[in-house]
Structure formats: structure tokens, C-alpha cells
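An overview of the molecular structure
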Amino acid sequence: MTTLKVCVGSSCHLKGSYDVIEAFKEILKKYDVEDVVDLQASFCLGFCAKGVTVKAEDFDEPSVQKLGDNSLFIHNVNKDNAEELFAKEVYPLLSL
């Protein structure tokens, strides 16, 4: 199962992380991937200047593992671009 962790640290909180979480809830329903993607809030992910940051991890996709890690950071996420970023960055790696 792939995990999406939305940063809710102070900086990301001020930049709208709650709205991003709510947007992702709807996106996961729309793409019918609630059973393969676990949405979580996370304390600071360490990219305060680039927030809201989302960490996607636990991919089975070999192209991600070749990078030495099976996670992906997506920066500057907001409620308006969350679906576009999900469709471009995360959905293709779900191996559906």
C-alpha cells in the first residue's frame, strides 16, 4: 500500500495543509484508490520553504526503487493543484 503523508507542521499548516488533506480525500475517492493509498498527516517533513509538502512512499514501482528509495516528495501542493500533481506524479506509480 502506498502512503501519502501531508505535512502539517507549522509552516505547511499556515499554507493550507488542512485543505490539501481534504482535497486528497476527494481525489482518492474520485480515482477509486482508497484501498491502495493510505492518506496520513505528518509532522514536519523538513521542507518548510517549499510547503505544503506531500511525501508519497511505499511504491512497488521499480523506477522509484532505482533511485535508492521508494518515496517521492511533492512540494508547493495546494487545494487547487493537488489533483493535477496526484495524476502526474503519484497515480502512474501505483502499478494498477
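On a predicted model such as this, the values are computed, not experimentally measured, just so you know.

Remarks on helix H2 (residues 17-30)
- Taking 1.5 Å per residue as the helical rise, H2 with its 14 residues ought to reach 20 Å, and the 20 Å between its terminal C-alpha atoms agrees with that figure.
- What H2 keeps buried is the set Ser-17, Val-20, Ile-21, Ala-23, Phe-24, Ile-27 and Leu-28. Down the axis of H2, the buried set is contained in an arc of 165 degrees. They therefore lie on one face. Turned more than 90 degrees away from the buried face of H2, the exposed residues are Tyr-18 and Lys-30.
- Of the surrounding elements, those touching the buried residues of H2 are strand S1 (2-7), helix H1 (10-14), strand S2 (37-42), strand S3 (54-57) and helix H4 (82-90).
- Immediately beyond the C-terminal end of H2, within one or two residues, lies Asp-32, with a positive phi of roughly 55 degrees.

Notes on the packing of aromatic side chains
- One pass over the full model with this rule turns up five aromatic pairs.
- Where Phe-24 meets Phe-86, the ring centres are 6.3 Å apart and the plane angle is 70 degrees; that geometry is what we call edge-to-face. Remark: Phe-86 occurs in helix H4 and Phe-24 occurs in helix H2; sequence separation between them is 62 residues. Assigned by exposure class, Phe-24 and Phe-86 land together as buried.
- Pairing Phe-47 with Phe-73 gives two aromatic rings, centres 4.9 Å apart and planes at 55 degrees, and the pair type is tilted. Of this pair, Phe-47 sits in the loop between S2 and S3 while Phe-73 is found in strand S4 (residues 71-74), placing the two residues 26 residues apart along the sequence.
- Using a relative accessible area of 32% as the deciding quantity, one classes Phe-73 as partly exposed.
- Here the aromatic residues Phe-24, Tyr-31, Phe-86 and Tyr-91 are joined through ring pairs into a cluster of three or more.

Comments concerning the side chain of Glu-57
- Tracing the backbone through its elements, the reader meets Glu-57 in strand S3.
- There is a polar contact of 3.0 Å between the side chain of Glu-57 and the side chain of Lys-5.

Brief notes about the packing of H2 against H4
- The N-to-C vectors of H2 and H4 enclose an angle of 50 degrees; their axes lie 10 Å apart at closest approach. Taken together, H2 and H4 sit at an angle that is classed as oblique. As for how H2 packs across H4, the hand of that crossing is right-handed. Between H2 and H4, the residues in contact are Ala-23, Phe-24, Ile-27, Leu-28 and Lys-30 and Ala-82, Glu-83 and Phe-86, respectively.
- Grouping the amino acids of the contact of H2 with H4 by side-chain chemistry returns six nonpolar, no polar and two charged.

Some details on the pattern of salt bridges
- Counting across every chain of the model gives four salt bridges.
- Its salt-bridge partner being Glu-57, residue Lys-5 comes within 3.0 Å of it at the nearest N-O pair. Of this pair, Lys-5 sits in strand S1 while Glu-57 sits in strand S3, and the two are 52 residues apart along the sequence.
- What emerges from the salt-bridge pattern is a single network uniting Lys-5, Lys-55 and Glu-57.

The rules behind these values
Residues numbered from 1 in each chain as written. Predicted model: local features only at pLDDT ≥ 70, side-chain atom pairs only at ≥ 80, totals over all residues. Heavy atoms only, no water. Helix = DSSP H or I, 4+ residues; strand = E, 2+ residues; numbered from the N terminus. Expected span 1.5 Å × (residues − 1). Buried < 20%, exposed > 50% of the residue type's maximum accessible area, 1.4 Å probe, protein only. Arc of directions from axis to C-beta. Contact = heavy atoms within 4.5 Å. Phe/Tyr/Trp six-rings, centres within 6.5 Å; stacked < 30°, edge-to-face > 60°. Polar contact = N/O pair within 3.5 Å; in protein donor to acceptor, adjacent residues only side chain to side chain. Axes fitted to C-alpha atoms, helices over the stretch in contact; angles between N-to-C directions. Parallel < 35°, antiparallel > 145°, perpendicular 65-115°, else oblique. Left-handed = near helix turned anticlockwise from the far one by under 90°. Nonpolar A, V, L, I, M, F, W, Y, C, P; charged D, E, K, R; others polar. Salt bridge = Lys/Arg side-chain N within 4 Å of Asp/Glu carboxyl O.

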